[in-house]
Amino acid sequence: MNNLNLSTLKKLEIILEGEHQAFATDLLERAGVTGYTIVNHLSGKGSHGFHEGHVMFNEDSVLIMIITAVSEELVQPILEGFAPFFNEHTGVIFVSDIQVNRLVKFQG
Amino acid sequence: MNNLNLSTLKKLEIILEGEHQAFATDLLERAGVTGYTIVNHLSGKGSHGFHEGHVMFNEDSVLIMIITAVSEELVQPILEGFAPFFNEHTGVIFVSDIQVNRLVKFQG
Amino acid sequence: MNNLNLSTLKKLEIILEGEHQAFATDLLERAGVTGYTIVNHLSGKGSHGFHEGHVMFNEDSVLIMIITAVSEELVQPILEGFAPFFNEHTGVIFVSDIQVNRLVKFQG
């Protein structure tokens, strides 16, 4: 057992309104994500209206950021799962490359 | 309209003292940034004194982190805009590659 | 002196239970890390039991995330320093590539 082997994964940072936390974590868990971390009480300024085609600023909306790390093959299903939600609600998903010091915590 | 197309952008994570939040978001907005998220109430230990040439530790300074995603051509103007500020104040800007699930929210 | 030169570093995001903050920052400082930022009051769901070989969920554990940027040669010693800890405790280290707008703050 070698903890020093880094595993290459995809980091997802999902920013959305806090009232939708359970929706998001349920979706992640159904996709096979077993671990995530949530940063609470973010503030932000964003542009909503992707669905309606205009920009609506929401100052000081109560946002959370859900951070997780998944294997690459989980990224597309998770994005597809969130797509209808983000057509209707404020938020964004950042995807980036990371290495993690142990895989067990985030296996999909 | 396909939300699943990921756009490659640059993520900026700007860590600075909370009292300078308005300066930073004004600078971002003038640069064309329309959305950002702020993590409040960070604590930190850093080395100030880039300007004066010595290291001064500030335990428990009240920091914020402003997270945004911009197109690559905005990175340099934003860094140039912040350069005089960071010659005088504690903080740092992290720049990294990310993909975002929709572009509209962060168009510069 | 050109603040606009970006330095390529490794970003470490260390997520662990808040009660172990001093252990972690002491380890980082002994490794030569002079600056870091801490996001407090995270919540999370993870899988512990890497050591014992089974999964134990901990809802709402009080987590922190320590963010720092180090030169590449510091990554392996820091991971080695944390390895025994993460065999016993919940948490993870994310490693990613970043560029930083000034090097002085994070020199190892």
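Before any of the text, the structure's been laid out above.
Criteria and cut-off values
- Residues numbered from 1 in each chain as written.
- Chains lettered and ligands numbered in written order.
- Predicted model: local features only at pLDDT ≥ 70, side-chain atom pairs only at ≥ 80, totals over all residues.
- Heavy atoms only, no water.
- Contact = heavy atoms within 4.5 Å.
- Buried area = accessible area lost by both parts, 1.4 Å probe.
- Salt bridge = Lys/Arg side-chain N within 4 Å of Asp/Glu carboxyl O.
- Polar contact = N/O pair within 3.5 Å; in protein donor to acceptor, adjacent residues only side chain to side chain.
- Helix = DSSP H or I, 4+ residues; strand = E, 2+ residues; numbered from the N terminus.
- Nonpolar A, V, L, I, M, F, W, Y, C, P; charged D, E, K, R; others polar.
- Least-squares fit on C-alpha atoms with pLDDT ≥ 70 in both.
- Buried < 20%, exposed > 50% of the residue type's maximum accessible area, 1.4 Å probe, protein only.
- Pairing = 2+ DSSP bridges.
- Axes fitted to C-alpha atoms, helices over the stretch in contact; angles between N-to-C directions.
- Parallel < 35°, antiparallel > 145°, perpendicular 65-115°, else oblique.
- Left-handed = near helix turned anticlockwise from the far one by under 90°.
- Phe/Tyr/Trp six-rings, centres within 6.5 Å; stacked < 30°, edge-to-face > 60°.
- Expected span 1.5 Å × (residues − 1).
- Bend = angle between axes of the 7 residues up to and from the residue.

Peer 1: Whenever I open this one, the interface of chain C and chain A confuses me. Can you help?
Peer 2: Residue-level contacts link 29 residues of chain C with 24 residues of chain A. Of the roughly 2,300 Å² buried between chain C and chain A on both sides combined, carbon and sulfur atoms contribute 57%. Our count for the chain C to chain A interface comes out at two salt bridges. With a shortest N-O distance of 2.7 Å, K11(A) and E13(C) are connected by a salt bridge. Inspection of the region where chain C meets chain A yields seven residue pairs in polar contact (both at pLDDT 80 or more). Among the elements of the structure, β1 (7–17), β2 (36–45), β5 (63–70), α2 (72–88) and β6 (91–100) of chain C are those that each provide at least two residues to the side of chain C that touches chain A. Per-class residue counts for the side of chain C that touches chain A are 14 nonpolar, eleven polar and four charged.

Peer 1: Before we go on, may I ask you to explain the relation of the copies chain C and chain A in this structure?
Peer 2: Superposition of chain C onto chain A requires a rotation of 120 degrees combined with a translation of 0.0 Å along the rotation axis, giving an RMSD of 0.0 Å. Both copies of the chain, as the preceding transformation shows, are related through a three-fold rotation axis. Here only 7% of the contact residues of chain C are again contact residues in chain A; the copies associate through non-equivalent surfaces.

Peer 1: How should the pairing of strand β2 (residues 36–45) of chain B be read in this particular structure?
Peer 2: Regular strands place side chains that alternate from one sheet face to the opposite one. For β2(B), the buried fraction is high: eight of the ten residues fall into the buried class. Alignment of strand β2 (residues 36–45) of chain A against β2(B), held across three bridges, turns out to be antiparallel. Its bridge partner being in β2(B), K45(A) is matched across the sheet by Y36(B). With four bridges connecting them, β2(B) and strand β5 (residues 63–70) of chain B associate as antiparallel partners. Each residue of the ladder has a partner; that of I38(B), found in β5(B), is I66(B).

Peer 1: Would you take a moment to explain the relation of the copies chain B and chain A for this structure?
Peer 2: Superposition of the two copies of the chain requires a rotation about an axis together with a shift along that axis. Relative to chain A, chain B is turned by 120 degrees and slid 0.0 Å along the rotation axis, the superposed coordinates differing by an RMSD of 0.0 Å. Counting the interface residues of chain B, we find that no more than 8% of their copies in chain A are interface residues as well, pointing to two distinct contact surfaces.

Peer 1: Please explain the packing of helix α1 (residues 21–31) of chain B against helix α2 (residues 72–88) of chain B as it appears in this structure.
Peer 2: Residue and element names in this part refer to chain B. Across the interface, α1 lies against α2 with an axial gap of 10 Å and an inter-helix angle of 150 degrees. One element, α1, and the other, α2, form an angle in the roughly antiparallel class. In the packing of α1 onto α2, the handedness of the crossing is right-handed. Facing α1, whose interface residues are F23, A24, L27, L28 and A31, α2 presents L74, I78, G81, F82 and F85.

Peer 1: Any chance you could explain the packing of aromatic side chains here in plain terms?
Peer 2: Each aromatic ring pair is described using two quantities: the centre-to-centre distance and the angle formed by the ring planes. All names here are of chain A. All chains considered together, the criterion is met by twelve aromatic pairs over all chains. Relative to F86, the ring of F85 lies with its centre 5.1 Å away and its plane at 75 degrees, an arrangement referred to as edge-to-face. As far as the burial class goes, F85 and F86 line up, both buried. Taken together, the aromatic side chains of F23, F82, F85 and F86 make up a single cluster linked through ring pairs.

Peer 1: I tried to follow the pattern of salt bridges on my own but got confused; where do I start?
Peer 2: Think of it this way: side chains of opposite charge can pair up when their charged atoms draw near. Per the stated rule, a full pass over the model turns up eleven salt bridges over all chains. Here the salt bridges share partners, and the residues they tie into one network are K11(A), E13(A), K11(B), E13(B), K11(C) and E13(C).

Peer 1: What is the right way to look at the side chain of H20(A) in this model?
Peer 2: Among the structural elements, H20(A) can be located in the loop between β1 (7–17) and α1 (21–31). Here H20(A) is in contact with F85(A) and H89(A), once residues within four sequence places are set aside.

Peer 1: Just to check I follow, could you spell out the interface of chain B and chain A for this structure?
Peer 2: Buried accessible area, meaning the area lost when the parts come together, often serves as the stated size of an interface. Listed by partner, the interface residues are 24 residues for chain B and 29 residues for chain A. Note on chain B versus chain A: buried area summed over both sides is about 2,400 Å², and carbon and sulfur give 57% of it. For the pair chain B and chain A, the interface holds one salt bridge. There are five residue pairs in polar contact (both at pLDDT 80 or more) connecting chain B and chain A. For the side of chain B that touches chain A, the secondary-structure elements that each account for two or more residues are β2, β5 and β6 (91–100) of chain B.

Peer 1: Even after reading the chapter, I still don't get helix α2 (residues 72–88) of chain A, so can you show me in this structure?
Peer 2: Two residues of an α-helix separated by three or four positions point the same way, owing to the 3.6 residues in each turn. All names here are of chain A. An ideal rise of 1.5 Å per residue puts 24 Å on 17 residues; α2 measures up with 26 Å between its terminal C-alpha atoms. The sharpest bend along α2 reaches about 40 degrees and sits at F82, with the proline P84 one to four residues further on. Where α2 is buried, its residues contact β1, α1, β5 (63–70) and β6 (91–100).

Peer 1: Explain the environment of D26(B) here, please?
Peer 2: All names here are of chain B. Looking at the secondary structure, you find D26 in helix α1. With a relative accessible area of 40%, D26 lands in the partly exposed category. Considering only alpha carbons, one finds D26 and L42, 16 residues apart in sequence, at a separation of 21 Å.

Peer 1: Can you walk me through the environment of M65(A) in this structure?
Peer 2: With respect to the element layout, M65(A) can be found in strand β5. By relative accessible area, which is 3% here, M65(A) ends up buried. C-alpha of M65(A) to C-alpha of T37(A): the two residues are 28 residues apart in sequence and 8.2 Å apart in space. Ignoring anything within four residues of it in the chain, the contact list for M65(A) reads E13(A), I14(A), I15(A), T37(A), I38(A), V39(A), L42(A) and I67(B).

Note that all results are geometric; they support no functional claim without further evidence.
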